[in-house]
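Structural description and commentary
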Amino acid sequence: MAGKVDARVLLGALDELMEPARFRDYCPNGMQVEGKREIGLLASGVTSSLAFIEAAIGAGADALLVHHGLFWKGDDMRVVGPKRRRLGLLLANNLNLFAYHLPLDTLADMGNNAQLGTRLGLAADAWFGEQQIGSVGSLGAAVTAGEFARRVATALSREPLLIGDPLQPVRRVAWCSGGAQGYFEQAIAAGCDLYLSGEVSEQTTHLAREAGVAYIAAGHHATERYGAEAVGRYAAGRFGIRHVHLDIDNPA
Ligand SMILES: [Zn+2]
């Protein structure tokens, strides 16, 4: 028999787990939209897009847990257009929206980076970048960059972009989920044969070639697909509520 949990109790548990106060972030972490008090079904996903909100409503969710919430520093503050439609649906359906950005990336074991590492056979033993957001770890045995790229494709069900010599040996791997191509130089300084993130920029290619360090862009969405799901499963187990993960396809 599935139970229910008070939204404030769930918020307290999520905050206790992810400690948002420890981070400088460019969005509010925690409860972004307050909804009904009793939560019986929690829906997790990467982004609080309209499609995700609609799917969560269709599933009968009482609360949504995402990595990318509705509000970002520097955004237009007006509630118009797509933001109005997203927010309007949440309010009309009395739904809670919980969003955790950097705290979910870096969370041990369940976070985006930890979950991504596990799927690629990597455990972090060093960290780099602003607020130590990036991870570095070693493969059990060296493989070529091309072999590693195939491993990424299989693990994430998405063809990655590899920049660098496919025959180059790779043992030490740095990784950071999402749009962390800007940390490439810091990843190189931390010591790695290959750096993996979600996105790629024009200058990423030149840096990879000139530094002799391979780069893999594996998809922003694909690399951040697992943290919210893991935390949702954890919360459901802890409070005896139901959980559903809704993966809305995103090629970027
Ligand atoms: Zn992201």
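In case you missed it, the structure is sitting above this.
Presented here is an overview of the structure given in this document. Within each chain, residue numbers correspond to sequence positions counted from 1 in written order. Totals for whole chains, interfaces and linings use all residues, but because this is a predicted model, local features are given only for residues with pLDDT of at least 70 and pairs of side-chain atoms are given and counted only at 80 or more. Remark: hydrogens and water are excluded; side-chain values derive from all non-hydrogen atoms of the structure.

**Some words on the packing of helix α2 (residues 50–59) against helix α3 (residues 81–92)**
Between two packed helices, the angle of one axis relative to the other and the distance separating the axes together describe the packing. Let me state the cut-off plainly: Fitted lines through C-alpha atoms give the axes, limited to the stretch in contact for helices. The angle between two N-to-C directions lies from 0 to 180 degrees. The secondary structure listing takes helices from DSSP runs of H or I that are at least 4 residues long and strands from runs of E that are at least 2 residues long, numbered from the N terminus. Geometric relationships in this document are graded by angle, where less than 35 degrees denotes roughly parallel, more than 145 denotes roughly antiparallel, 65 to 115 denotes roughly perpendicular, and other angles denote oblique. The sense of a crossing depends on the near helix, which, turned anticlockwise from the far helix by less than a right angle, makes the crossing left-handed and, turned clockwise, makes it right-handed. For this analysis, residues touch if any pair of their heavy atoms sits within 4.5 Å.
Direction vectors running N to C along α2 and α3 enclose 15°, while the axes themselves pass 9 Å from each other. What the angle tells us is that α2 and α3 run roughly parallel. For the pair α2 and α3, the crossing hand works out as left-handed. In this structure, α2 contributes Leu50, Ile53, Glu54 and Ile57 to the contact, and α3 contributes Arg85, Arg86, Leu89 and Leu90.

**Observations regarding the sheet that holds strand β7 (residues 126–128)**
Keep this limit in mind: At least two bridges found by DSSP between two strands is the condition for calling them paired.
Strands sit in the order β7-β8-β10-β11-β12-β9 across an open sheet of 6 strands; the sheet is mixed. Each edge of the open sheet is held by one strand with a lone partner, namely β7 and β9 (161–163). With direction set aside, neighbouring strand axes in the sheet form an average angle of 30°. Examined bridge by bridge, β9 and strand β12 (residues 214–217) share 3 bridges and lie antiparallel to one another. Each residue of the ladder has a partner; that of Ile163, found in β12, is Tyr215.

**Considering the side chain of Asp25**
What counts here: Only protein chains enter the accessibility calculation, which uses a 1.4 Å probe. A residue is then buried if its area is under 20% of the maximum for its type, exposed if over 50%, and partly exposed in between. Neither His nor the chain ends is counted toward charge; the positive residues are Lys and Arg and the negative residues Asp and Glu. Whenever a carboxyl oxygen of Asp or Glu lies within 4 Å of a side-chain nitrogen of Lys or Arg, that contact is scored as a salt bridge. Polar contact is defined as a pair of N or O atoms within 3.5 Å, subject to the rule that within protein one atom must be able to donate a hydrogen and the other to accept it, and that residues adjacent in sequence are counted only when both atoms are side-chain atoms.
By the secondary structure assignment, Asp25 is in the loop between α1 (7–18) and β2 (30–33). There is no salt bridge for the buried Asp25, and the closest opposite charge comes from Lys73, which lies 7.5 Å off by N-O distance. A polar contact is formed between the side chain of Asp25 and the side chain of Asn29, at a distance of 3.0 Å. Within the structure, Asp25 has its side chain in polar contact with the backbone nitrogen of Leu102 (distance 2.9 Å). With residues up to four places along the chain from it excluded, the contact list for Asp25 reads Lys73, His101, Leu102 and Pro103.

**Focus on the layout of surface pockets**
Basically, it comes down to this: With a 1 Å grid laid over protein atoms only, a set of points is called a cavity when a 1.4 Å probe fits there but cannot get out and a pocket when it is open yet has protein on both sides within 12 Å along at least five of seven lines; lining residues have an atom within 4 Å of a point. Grid points are joined across faces, edges and corners, and a volume is the space filled by probe spheres set on the points. Gly is placed with the polar residues, together with every amino acid not listed as nonpolar (Ala, Val, Leu, Ile, Met, Phe, Trp, Tyr, Cys and Pro) or charged (Asp, Glu, Lys and Arg).
Of the pockets and cavities examined, the largest pocket occupies roughly 320 Å³. In this structure, the largest pocket is lined by 22 residues; those nearest its centre are Tyr26, His101, Leu102, Ile133 and Tyr183. Within the lining of the largest pocket, the residues separate by chemical class into 7 nonpolar, 9 polar and 6 charged. In this model, the second largest pocket occupies a volume close to 220 Å³. What lines the second largest pocket is a set of 15 residues, and nearest its centre among them are Ala108, Ala114, Ala124, Trp127 and Ser135. Ranked by the residues each element gives to the lining of the second largest pocket, the list is headed by helix α5 (residues 112–119), at 3 residues. For the lining of the second largest pocket, the residue count by class is 9 nonpolar, 5 polar and 1 charged.

**Quick word on the coordination of the zinc ion**
Octahedral metal centres with six donors ideally show angles of 90 or 180 degrees, and tetrahedral centres with four donors ideally show 109.5 degrees. How we decide: Metal sites are built from N, O and S donor atoms within 2.8 Å, or 3.2 Å for Na, K and Ca, and they leave out water, so they may look incomplete.
Distances from the zinc ion to its protein donors, His68 (NE2), His220 (NE2) and Glu224 (OE), fall at 2.1 Å. Exposure remark for His68: the relative accessible area of 13% places this residue in the buried category. Accessibility expressed as a relative area gives 18% for His220, which makes it buried.

**Some points on the packing of α1 against helix α10 (residues 227–239)**
Orientation of α1 relative to α10, taken along the N-to-C sense of each, is 125°, at an axis distance of 11 Å. Between α1 and α10, the angle falls in the class oblique. In the crossing of α1 with α10, the sense of the turn from one axis to the other is right-handed. Here Val9, Leu10, Ala13, Leu14, Glu16, Leu17 and Met18 of α1 come into contact with α10, specifically with Val231, Tyr234, Ala235, Arg238 and Phe239. Partitioning the contact of α1 with α10 into residue classes produces 10 nonpolar, no polar and 2 charged.

**So, helix α6 (residues 145–156)**
To be explicit about the condition: Helix span is expected to be 1.5 Å times the residue number reduced by one. Throughout, the arc means the angular range of directions from the helix axis out to the C-beta atoms.
With 12 residues, α6 extends 16 Å between its outermost C-alpha atoms, agreeing within 8% with the 16 Å of an ideal straight helix rising 1.5 Å per residue. Residues Ala145, Gly146, Phe148, Ala149, Val152, Ala153 and Leu156 constitute the buried set of α6. An end-on view of α6 places all buried positions within 160° of arc, on one side of the element. Across α6 from its buried face, at more than 90 degrees, point the exposed residues Arg150 and Thr154. One or two positions beyond α6, positive phi appears at Ser157, with a value near 55°.

**Brief notes about the packing of aromatic side chains**
Note the cut-off: Here the aromatic set is Phe, Tyr and Trp, taking the six-membered ring for Trp, and pairing holds for ring centres within 6.5 Å; pairs whose planes are under 30 degrees apart are stacked, those over 60 apart are edge-to-face, and all others are tilted. Only when the NZ atom of a Lys or the CZ atom of an Arg is both within 6 Å of the ring centre and within 35 degrees of the ring normal do we say a charge sits over the ring.
The tally for this structure, following the rule as stated, stands at 5 aromatic pairs. Between Tyr26 and Trp72, the aromatic rings sit 5.9 Å apart at their centres with planes inclined by 45°, giving tilted as the arrangement. Here Tyr26 is found in the loop between α1 and β2, whereas its partner Trp72 is found in the loop between β5 (63–68) and α3, with 46 residues between them in sequence. By relative accessible area, which is 22% here, Trp72 ends up partly exposed. Here Phe184 and Tyr215 contribute two aromatic rings whose centre-to-centre distance is 5.1 Å and whose plane-to-plane angle is 45°, an arrangement assigned as tilted. On the criterion of sequence distance, the pair formed by Phe184 in helix α7 (residues 184–190) and Tyr215 in strand β12 is long-range, its members being 31 residues apart. Comparing Phe184 with Tyr215 shows no difference in burial state: the two are buried. Feature note: the residues Phe128, Phe184, Tyr195 and Tyr215 constitute an aromatic cluster, connected by ring pairs. A cation sits over an aromatic face here: Arg119 above Tyr226, 3.7 Å from the ring centre.

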